[in-house]
Amino acid sequence: MPERGAVPQKDSDAEDAVEQLFLVVVAIDFGTTSSGYAYSFTKEPECIHVMRRWEGGDPGVSNQKTPTTILLTPERKFHSFGYAARDFYHDLDPTESKHWLYFEKFKMKLHTTGNLTMETDLTAANGKKVKALEIFAYALQFFKEQALKELSDQGGSDFENTEVRWVITVPAIWKQPAKQFMRQAAYKAGMASPENPEQLIIALEPEAASIYCRKLRLHQMIELSSRAPVNGYSPSDTIGTGFTQGKEHVRRNRQSRTFMVENVIGEIWSELEEGDRYIVVDSGGGTVDMTVHQIRLPEGHLKELYKATGGPYGSLGVDYEFEKLLCKIFGEDFIEQFKIKRPAAWVDLMIAFESRKRAAAPDRTNPLNITLPFSFIDYYKKFRGHSVEHALRKSNVDFVKWSSQGMLRMSPDAMNALFKPTIDQIVQHLSEVFDKPEVTNVKFLFLVGGFAESPLLQQAVQSAFGSRCRVIIPQDVGLTILKGAVLFGLDPAVIKVRRSPLTYGVGVLNRFVEGKHPPEKLLVKDGTRWCTDVFDKFISADQSVALGETVTRSYTPAKPSQLVIVINIYSSEQDNVSFITEPGVKKCGTLRLDLTGTDAAVPNRREIKTLMQFGDTEIKAMAVDVATSKSVKVGIDFLNY
C-alpha cells in the first residue's frame with residue numbers, strides 16, 4: 001500500500017492525468033427517508049468529512065442527514081429541501097398550503113414504477129403531479145449547491161463544479177432504467193454532462209457499504225454475536241443499551257465531522273483470507289439490498305458472488321403498519337381525508353411516530369407515547385361527531401390506549417407488532433440467499449443502513465443467522481454508505497467483478513436450419529434462406545463481468561453492397577433467450593453505421609465488429625467496419641425505447 005496521504009498509483013499514466021483533475025470527491029446518499037453528503041480531498045484521501053449539521057432536526061433523531069423532502073412554490077419553482085421544506089410547509093396556513101407542492105419519500109417511485117421514463121410523474125401531498133425528473137434534478141441541484149458552498153467556505157475561494165467528482169448512491173436492486181434516470185437527473189442538475197460522464201459515478205449502496213466495512217477497525221463496530229465485550233460492554237448490554245452507550249462513547253471523543261480512514265486494511269479484514277465470503281445487508285428507509293462479496297487478494301478487490309437481491313422491505317414498512325393501525329382505530333375514510341385536508345399535521349404525526357419508532361427495543365417494558373397533533377383531535381371530532389378517546393375505547397385494539405395528556409399510549413408489544421411484518425420479510429429473504437449454493441461459508445454479515453440502527457432488527461438477524469456467521473454492525477451505521485461512496489469515488493477500481501443483472505445481445509439473421517429454427521422465422525432473400533429475429537447473446541444475466549470488460553462479436557452484412565448497417569441491442573431478465581420477439585426482451589440501443597462515402601473497393605466479405613463494454617453502471621456499445629475503421633458508439637438506454 002502507498003504511504004498515508006499518497007494517492008494510490010493507477011495502472012496507466014493516461015488515467016492518472018484524468019484522476020488529477022478532480023480536487024475533491026463528493027458523495028450524495030440520496031435516501032428514501034433521509035439524505036446527506038460527504039466529501040474527501042483527493043490530496044488527503046484518508047479524511048472523510050461529513051456535511052455540516054443541518055438546521056432543524058427532530059428530537060430523538062440524529063440529524064447528520066436531512067429528511068428527503070422537497071417543497072415547490074405554487075408556481076412550481078424550487079423553494080426548499082429537508083427540514084427547511086418541512087418546517088416552512090408546516091407553518092403555512094391550511095388555505096395557503098394546499099397550493100404548495102410538498103413531496104416526501106418520493107425515491108420509492110423509481111423502484112415501484114415498472115415502465116419508468118423521462119415523463120414519469122410524482123404526486124405531491126396536495127395531489128398535484130410534477131415530472132419526477134424535475135423533482136430529482138431539483139434535489140440533486142440543492143445538494144450540489146450546498147456542497148460547493150461548504151467547500152468554498154472551507155477553502156476561502158469559490159469552488160468550481162469542474163473540480164468535483166460526484167458519486168450518487170442507488171440501491172443495487174434497482175432496475176437499469178432507474179439507475180439511468182438518476183444519471184439523467186444529475187445531468188439536468190448540472191453535476192456532469194453527457195460529454196463528460198466520468199465526472200459522475202453511480203455507486204451501488206451495498207457495494208459502497210462493503211468498501212467501507214473493509215476499512216473498519218474493531219473499535220468501530222459492534223459485534224452482536226461476540227461473547228467477549230466489544231468497546232468494553234458485555235453482549236447483554238450490546239443490544240439496545242450498549243449500542244447507544246457505544247455511540248455516546250464515540251461521539252464524546254469526536255466533536256468533528258471528519259472520519260479518519262486508515263489506509264490499512266481493517267482488522268476484521270485481516271481475518272478474511274483469499275476467497276472468503278461475506279454478505280452486506282443494507283437496510284434503509286425504502287429498500288433492503290443484499291449483496292454477497294468475495295475477497296480477491298492481494299489488493300483486497302471485491303468480487304460479487306451472487307447478484308444483488310432484496311426488495312421494498314425498508315423501515316417505511318413500519319410506518320405503513322402504523323398507518324394501518326390508525327385506520328383500524330379511527331377508520332380508513334377519516335385517515336384518507338385527514339391526510340388530504342391537513343397534510344402538514346399528518347407529517348407532524350409521522351415525525352412523532354418516527355422518534356418513538358427509534359425507541360423500540362426487544363427488552364423494553366414501559367409504553368411508548370405518541371403525541372397526536374391538536375388538529376387531528378379537532379378534525380376527528382368534526383368528522384365523526386365523537387372524541388378520539390371514544391374511538392380508542394370502541395376499537396378492539398387492546399395494546400393502544402389513550403393517555404390523559406393527549407397521547408396514544410402503545411405497549412411495547414404493540415410497537416413490536418408494527419415491526420414484525422417488515423423484519424420477517426428481511427429474515428425470510430436472507431434465509432433464501434443463505435440457501436443459494438454460491439452463498440455457502442459466509443464468514444461475516446455486515447448490517448448497515450439507517451434501519452440497521454433498530455435493536456429489533458439487530459436481534460432478529462442475530463438470532464436467525466448468528467450461528468452461521470458473525471453479525472457485525474459498524475458504529476455509525478447510518479453513515480456507512482455515505483463514507484463508502486466517498487472511498488469508491490477516490491478509487492473506483494476497487495470493485496472488480498460484478499454479476500450482470502440482465503442478458504444482453506443483438507438481433508441478427510442466421511442461416512436457416514431445417515428442424516432447428518421455427519418455420520415462422522424463415523425469410524428468403526435473393527435465394528438465401530435466413531432465420532430472422534435471432535438473439536445473439538453477448539452476456540447472460542447473472543454472469544460475472546469484470547469492470548471494463550469488453551465482449552466482441554463479428555458480423556457480416558447480409559448483402560455486401562449494404563451502405564447502412566443497423567444493429568439493435570436488446571436486453572432481457574431471462575437467461576436463455578433465443579429470439580428478440582420473446583416476452584420480456586426489450587430494445588435498449590441502436591448502432592447505425594453509415595458506410596457511404598467509403599472507397600469503391602469494398603471487399604466482398606465485409607466484417608463489422610460489435611463491442612459491448614460493461615462499465616460501472618453504464619454499458620457502452622460500439623460497431624466498427626474493419627475494412628475502413630469507421631466506427632459508431634452508443635450508450636445503452638433504458639428510458640427512451
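Refer to the preceding data block for the structure.
Residues numbered from 1 in each chain as written. Predicted model: local features only at pLDDT ≥ 70, side-chain atom pairs only at ≥ 80, totals over all residues. Heavy atoms only, no water.

J.: Looking at this structure, how should I read the overall build of the protein chain?
T.: A count of helical and extended segments in the protein chain gives 17 helices and 32 strands. Taking all 641 residues of the protein chain together, 55% fall into the buried category. The contacts of the protein chain with a sequence gap of at least 6 include a subset with a gap of at least 24, amounting to 69%. Here the protein chain has roughly 27,900 Å² of accessible surface; of this, 50% comes from carbon and sulfur atoms. (Helix = DSSP H or I, 4+ residues; strand = E, 2+ residues; numbered from the N terminus. Buried < 20%, exposed > 50% of the residue type's maximum accessible area, 1.4 Å probe, protein only. Contact = heavy atoms within 4.5 Å. Areas by Shrake-Rupley, 256 points an atom, 1.4 Å probe, with all protein chains shown as cover.)

J.: How should I be thinking about the packing of helix 2 (residues 83-91) against helix 12 (residues 343-357) in this particular structure?
T.: Relative orientation and spacing of two packed helices are given, respectively, by the angle between their axes and the distance between those axes. In the contact formed by helix 2 and helix 12, the axes pass within 8 Å of each other and the chain directions differ by 130 degrees. Taken together, the axes of helix 2 and helix 12 lie oblique to each other. Considering the relative orientation of helix 2 and helix 12, their crossing is left-handed. Where helix 2 approaches helix 12, its residues Arg86, Tyr89 and His90 are matched on the opposing element by Pro343, Ala344, Val347, Asp348 and Ile351. Looking at the contact of helix 2 with helix 12 residue by residue, the classes come out as five nonpolar, one polar and two charged. (Axes fitted to C-alpha atoms, helices over the stretch in contact; angles between N-to-C directions. Parallel < 35°, antiparallel > 145°, perpendicular 65-115°, else oblique. Left-handed = near helix turned anticlockwise from the far one by under 90°. Nonpolar A, V, L, I, M, F, W, Y, C, P; charged D, E, K, R; others polar.)

J.: What should I look at first to understand the pattern of salt bridges in this one?
T.: Side chains that differ in sign of charge can pair as their charged atoms come close. Taken as a whole, this structure holds 17 salt bridges when the rule is applied. For the salt bridge of lysine 339 with glutamate 323, the shortest nitrogen-to-oxygen distance reads 2.7 Å. Here lysine 339 is found in helix 11 (residues 332-341), whereas its partner glutamate 323 is found in helix 10 (residues 316-330), with 16 residues between them in sequence. A relative accessible area of 22% places lysine 339 in the partly exposed class. The closest approach of N and O atoms between lysine 420 and aspartate 424, which form a salt bridge, is 2.6 Å. Of this pair, lysine 420 and aspartate 424 both sit in helix 15 (residues 412-434), separated by four residues, roughly a single helical turn. Take aspartate 424: its relative accessible area is 35%, and that puts it in the partly exposed class. Where salt bridges share partners, they join Asp319, Glu354, Lys357, Arg358 and Glu453 into one cluster. (Salt bridge = Lys/Arg side-chain N within 4 Å of Asp/Glu carboxyl O.)

J.: Explain the sheet that holds strand 5 (residues 69-72) here, please?
T.: Hydrogen bonds along the backbone pair up the strands of a sheet, which may run parallel or antiparallel. Ordered in space as 6-5-7, the three strands form an open sheet in which the pairing is antiparallel. Edge positions in the open sheet fall to strand 6 (78-81) and strand 7 (101-104), since each of these has one partner strand only. In this sheet, adjacent strand axes meet at a mean angle of 20 degrees when their direction is disregarded. Where strand 5 meets strand 7, four bridges bridge the pair, whose relative direction is antiparallel. (Pairing = 2+ DSSP bridges.)

J.: How do you make sense of the packing of helix 12 against helix 15 when you look at a structure like this?
T.: Where helix 12 meets helix 15, the axes come as close as 12 Å, and the angle between the chain directions of the two elements is 95 degrees. Relative to helix 15, the element helix 12 lies roughly perpendicular. In this structure, helix 12 contributes Phe353, Arg356 and Lys357 to the contact, and helix 15 contributes Met415, Leu418 and Phe419. Its residues assigned to classes, the contact of helix 12 with helix 15 shows four nonpolar, no polar and two charged.

J.: Where do I start with the nonpolar core in this structure?
T.: Buried together is how nonpolar side chains tend to be arranged in soluble globular proteins. Membership of the largest hydrophobic core comes to 140 residues, with the highest contact counts inside it found for Phe103, Phe322, Phe330 and Leu445. With twelve residues, the single largest contributor to this core is helix 5 (residues 132-155). Counting 30 residues, the second-largest nonpolar core is a separate cluster that includes Ile539, Val545, Met612 and Ala621. (Core = buried A, V, L, I, M, F, W, Y, C linked by side-chain atoms within 4.5 Å.)

J.: Just checking my understanding: could you explain helix 6 (residues 176-188) for this structure?
T.: Each α-helix turn comprises 3.6 residues. Residues three or four places apart therefore point the same way. Taking 1.5 Å as the rise per residue, helix 6 with 13 residues should run 18 Å; its terminal C-alpha atoms sit 19 Å apart, in good agreement. Burial analysis of helix 6 places eleven of its 13 residues in the buried class, the great majority of the element. For helix 6, the complete set of buried residues consists of Gln176, Pro177, Ala178, Lys179, Gln180, Phe181, Met182, Arg183, Ala185, Ala186 and Tyr187. Looking at the residues trailing helix 6, positive phi occurs at glycine 190, about 80 degrees. (Expected span 1.5 Å × (residues − 1).)

J.: What is the right way to look at the environment of tyrosine 102 in this model?
T.: With respect to the secondary-structure elements, tyrosine 102 resides in strand 7. Sequence separation between tyrosine 102 and asparagine 126 is 24 residues; the distance between their C-alpha atoms is 7.4 Å. Ignoring any residue separated from it by four or fewer positions in sequence, one finds tyrosine 102 in contact with Thr69, Ile70, Leu71, Ala85, Arg86, Tyr89, Ala124, Ala125 and Val347.

J.: Help me understand the pairing of strand 28 (residues 564-572) in this model?
T.: Consecutive side chains of a regular strand alternate in pointing toward one face of the sheet and then the other. Within strand 28, seven of the nine residues are buried, which leaves the element mostly enclosed by the surrounding structure. Across four bridges, the pairing between strand 23 (residues 503-511) and strand 28 is antiparallel. In the strand pairing of strand 28, glycine 505 is matched with tyrosine 570. Relative to strand 29 (residues 586-594), strand 28 runs antiparallel, the two being bridged by eight bridges. Residue valine 564 lies in a different strand from strand 29, and its bridge partner there is aspartate 594.

J.: Sorry if this is basic, but what is going on with the sheet that holds strand 31 (residues 619-625) here?
T.: Strands sit in the order 27-30-31-32 across an open sheet of four strands; the sheet is antiparallel. Whereas interior strands pair on both sides, the edge strands pair on one side only; in this sheet they are strand 27 (550-555) and strand 32 (630-635). Recorded for the sheet is a direction-independent mean angle of 15 degrees between the axes of neighbouring strands. Taken together, the six bridges between strand 31 and strand 32 define a ladder with antiparallel strand orientation. Within strand 32, the residue paired with valine 624 across the bridge is serine 631.

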